[in-house]
Amino acid sequence: MLTDRIQDAINRQINNELYSAHLYLSMSAYFEALDLNGFAHWMRLQFEEETAHAMKLFDYVNDRDGRVVLHAIDQPPIEFESPHSVMRSALEHERLITSMINDLYALAVAERDYPSHVLLEWFVSEQVEEEKALNEIVAHMDLIGNDGTGLLIMDQRLGDRTADADAEAGEGEA
Ligand SMILES: [Fe+2]
Ligand SMILES: [Fe+2]
């Protein structure tokens, strides 16, 4: 049985993950419109991952005999300044999500809810991977600057991203 505080907090996090999915899908659409299909593909996989995160929490609430409560999902940004600014926003967003996961983890500790603890450990590690992948992409894009050829090489590498593992959230090498 979940305490009300934990249940409410996890329900909020389900929405945060669904918003993340929404945000990345919008970013994918932006890249599609620019014909940067590798970036679009990377963001689409990111959308799928975030949906999976939401469902992991959804299943957990149900497994603990709790009640999932869904909230409205905000509209994500539609237009962006540049491919570079999209990836920077994505990194900023992941940092925000990390702080939310950390808060949730702290709550589980405070409430001595050990099963939630164990579940959230996975999310804590996942956030390390999420930030690492985006940090690397942003660093590479900083190096590229306004070079169109560099952008196309990057597009190709991001297009190689595969769907399966969380650890594979980086660029093409996965
Ligand atoms: Fe997530
Ligand atoms: Fe994420």
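Conventions adopted
- Residues numbered from 1 in each chain as written.
- Chains lettered and ligands numbered in written order.
- Predicted model: local features only at pLDDT ≥ 70, side-chain atom pairs only at ≥ 80, totals over all residues.
- Heavy atoms only, no water.
- Donors = N, O, S within 2.8 Å, 3.2 Å for Na, K, Ca; no water.
- Helix = DSSP H or I, 4+ residues; strand = E, 2+ residues; numbered from the N terminus.
- Buried < 20%, exposed > 50% of the residue type's maximum accessible area, 1.4 Å probe, protein only.
- pLDDT = per-residue confidence, 0-100.
- Contact = heavy atoms within 4.5 Å.
- Phe/Tyr/Trp six-rings, centres within 6.5 Å; stacked < 30°, edge-to-face > 60°.
- Lys NZ or Arg CZ within 6 Å of the ring centre and 35° of its normal.

Student: Would you take a moment to explain the coordination of the iron ion (ligand 1) for this structure?
Tutor: Around a metal, the perfect tetrahedron of four donors has angles of 109.5 degrees, and the perfect octahedron of six donors has angles of 90 or 180 degrees. Looking at the iron ion (ligand 1), one finds its protein donor set to be Glu17 (OE), Glu50 (OE) and His53 (ND1), positioned 2.0 to 2.1 Å from the metal centre. The sequence pattern formed by the donor residues of the iron ion (ligand 1) is E-x32-E-x2-H. Between the iron ion (ligand 1) and the iron ion (ligand 2) the interatomic distance comes to 3.3 Å, and Glu50 is a ligand of both metals. In this pair, Glu50 and His53 are both assigned in helix H2 (residues 37-63), three residues apart and thus about one turn of the helix distant. With relative accessibility at 1%, the residue Glu50 sits in the buried group.

Student: Any chance you could explain the confidence of the model for the protein here in plain terms?
Tutor: Atom-level detail of predicted coordinates should not be read off regions where pLDDT is low. When pLDDT is averaged along the protein, the result is 94, and 94% of the positions lie at 70 or above. Residue range residues 166-174 is modelled with pLDDT below 50. Its contacts to residues more than four positions away, or to other chains, number 28 contacts.

Student: What's the story with the packing of aromatic side chains in this structure? I'm lost.
Tutor: The geometry of two aromatic rings is summed up by the distance between their centres and the angle between their planes. According to the stated counting rule, one finds four aromatic pairs in the structure shown. Between Trp122 and Phe123 the ring centres are 4.9 Å apart and the planes differ by 80°, which places this aromatic pair in the edge-to-face class. Grouping aromatic residues by their ring pairs yields a cluster made of Tyr30, Phe31, Phe39 and Phe80. The ring of Trp42 has Arg161 lying over it, and the distance from NZ or CZ to the ring centre is 4.5 Å.

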